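Below are the chains, spelled out letter by letter.
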Amino acid sequence: MAGFDTKQIWKVFFILLAITVLEFLIALTPALEGLRTDYKLAVNLTYVVLTLFKAFYIIAYFMHLKFEKINLVYSIALPPVFVIYCIVLVLYEGGYWNGIRKENVTSNQKIEQVENHAPEHH
Amino acid sequence: MSTHSVAANEGKIWDGGNEPFGASYGKLMMWFFLLSDAFTFTALLLGYGALRFSALNWADPDVVFQSAPGIESGAPLVFVGIMTFILIMSSVTMVLAVEAGHRNSKSEVVKWMIWTVIGGAMFLGCQAWEWTHLFSEGASITKNPFAPELVPYIEKFVAQGMSHHEATLKAVNEIPHNYEFTSLFFTITGFHGFHVLSGVVINIIITINAMAGTYQRRGHYEMIEKVGLYWHFVDLVWVFVFTFFYLV
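Calculation rules
- Residues numbered from 1 in each chain as written.
- Chains lettered and ligands numbered in written order.
- Predicted model: local features only at pLDDT ≥ 70, side-chain atom pairs only at ≥ 80, totals over all residues.
- Heavy atoms only, no water.
- Helix = DSSP H or I, 4+ residues; strand = E, 2+ residues; numbered from the N terminus.
- Rg over C-alpha atoms; globule rule 2.2 N^0.38 Å.
- Contact = heavy atoms within 4.5 Å.
- Areas by Shrake-Rupley, 256 points an atom, 1.4 Å probe, with all protein chains shown as cover.
- Lys, Arg positive; Asp, Glu negative; His and termini not counted.
- Charge placed at Lys NZ, Arg CZ, Asp CG, Glu CD.
- Buried < 20%, exposed > 50% of the residue type's maximum accessible area, 1.4 Å probe, protein only.
- Buried area = accessible area lost by both parts, 1.4 Å probe.
- Salt bridge = Lys/Arg side-chain N within 4 Å of Asp/Glu carboxyl O.
- Polar contact = N/O pair within 3.5 Å; in protein donor to acceptor, adjacent residues only side chain to side chain.
- 1 Å grid on protein atoms, 1.4 Å probe; cavity = no way out; pocket = protein on both sides within 12 Å on 5 of 7 lines; lining within 4 Å.
- Points joined across faces, edges and corners; volume = space filled by probe spheres on them.
- Nonpolar A, V, L, I, M, F, W, Y, C, P; charged D, E, K, R; others polar.

## Considering the overall build of chain A
What chain A contains, in helices and strands, is 5 helices and 0 strands. Against the 2.2 N^0.38 benchmark of 14 Å for 122 residues, chain A shows a C-alpha radius of gyration of 24 Å, more extended than a compact globule. Summarising its shape, the C-alpha atoms of chain A cover approximately 90 × 40 × 15 Å along the three principal directions. Partitioning the intrachain contacts of chain A with sequence separation of at least 6 by distance along the chain shows that 57% fall at a separation of at least 24. For chain A, the exposed surface amounts to about 8,300 Å²; the carbon and sulfur share of it is 69%. Across chain A, the mean location of the 10 positive side-chain charges is 16 Å away from that of the 10 negative side-chain charges.

Here it is, written out as structure tokens:
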């Protein structure tokens, strides 16, 4: 049956292993420390892309979806695509809360400063 | 493979006899269950993402996960690397069992299924160790010893003559702090671990069935394939949990 020979299975295993090793190298190589702090967003996006590659290989080959009828492929693979929109919305909202919290911290510090210095001005 | 039910219903395509998706009822329902389960995990990870984006500070995974059995600290991500390898490996043995099932080779199916069960049990053992270690550090679903706002209190208690461990436990028990990180960590890895546990139990059941020759008499090993789908899904979820809790 298509996609189910032992050679192919081990090939996919080594691809998954290689991607995981690559992720560990990015996360742990001391020489990349500067990269990890200065380009945090880019590094995190790299992790996400590598994760999606792993997800593709698991679903397509191990779960055999690549070799199913096209209508089964679409009914399983399309609904999660709409999740992307939800992710964008929810993370954007999280960022907005973050802004509010930062503002609160700064305004609290200002209030403290005013309270601390108030007696001196009287 | 799954053509066995079609032949009997030929000519009655509106009576539920045909398979428009080229997959049996059971396999199709497993796929749709997994789709819904994927949305459950999506919801959990979305909640995690929103809270983490909104937080002013967050625990550093290289600090939280730097222990392994026999190594108290200084080995970031080593243990979770082993766990990830074990789970990918057990996914491979599962797909090898499915492949053997297509060749109707009972002995090979049983062999690979036993390896899959062992892999799942090893993963659960690793997770039990990891959780126990985090508990010993004072972490729980409502306590987060890695919260940055506890650091000045821990330093104060250490200055009063406590060991770092005692000071952390005292701070985490007495000082109000943000425990979103540990709360989400134990909920999400716990929910995933529960899936692994269910998977191991189901794997044991089908291994026993395969040994008893149930699928040999049935003429096909489709049950291995359906349970295999579930097992790969558990591996798939781990790929995401690993990225978002240990790497990012």
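Okay, back to it.
## What about the overall build of chain B?
Assigned secondary structure in chain B consists of 10 helices and 0 strands. Whereas a compact globule of 248 residues would reach a radius of gyration of roughly 18 Å, chain B reaches 23 Å, over 25% beyond that. Across the 248 residues of chain B, 51% fall into the buried class. Considering only intrachain contacts with a sequence separation of at least 6, the fraction spanning at least 24 residues in chain B is 75%. Carbon and sulfur atoms form 66% of the exposed surface of chain B, whose accessible area is close to 10,700 Å². Across chain B, the mean location of the 12 positive side-chain charges is 11 Å away from that of the 19 negative side-chain charges.

## A word on the interface of chain B and chain A
In this complex, chain B contributes 49 residues to the contact, which on the side of chain A involves 45 residues. Of the roughly 4,300 Å² buried between chain B and chain A, counting both surfaces, carbon and sulfur atoms make up 80%. The interface formed by chain B and chain A contains 1 salt bridge. The partner of Glu68(A) in a salt bridge is Lys27(B), and the shortest N-O contact between them spans 3.0 Å. Along the contact surface separating chain B from chain A lie 8 residue pairs in polar contact (both at pLDDT 80 or more).

## Side note on empty space enclosed by the protein
Where empty space is left becomes clear once a probe the size of a water molecule has been rolled over the atoms. Residues and elements named next belong to chain B. If you walk through the whole model with that rule in mind, you get 4 cavities of 30 Å³ or more. For the lining of the largest cavity, the secondary structure elements donating two or more residues are α4 (78–102) and α5 (106–136). With 4 residues, the single largest contributor to the lining of the largest cavity is α5. Its residues placed into classes, the lining of the largest cavity shows 9 nonpolar, 3 polar and 1 charged. Of the pockets and cavities examined, the second largest cavity occupies roughly 70 Å³. The wall of the second largest cavity is formed by Asn57, Trp58, Ala59, Asn144, Phe146, Ala147, Pro148, Glu149, Asn178 and Phe181. Residue composition of the lining of the second largest cavity, by class: 6 nonpolar, 3 polar and 1 charged.

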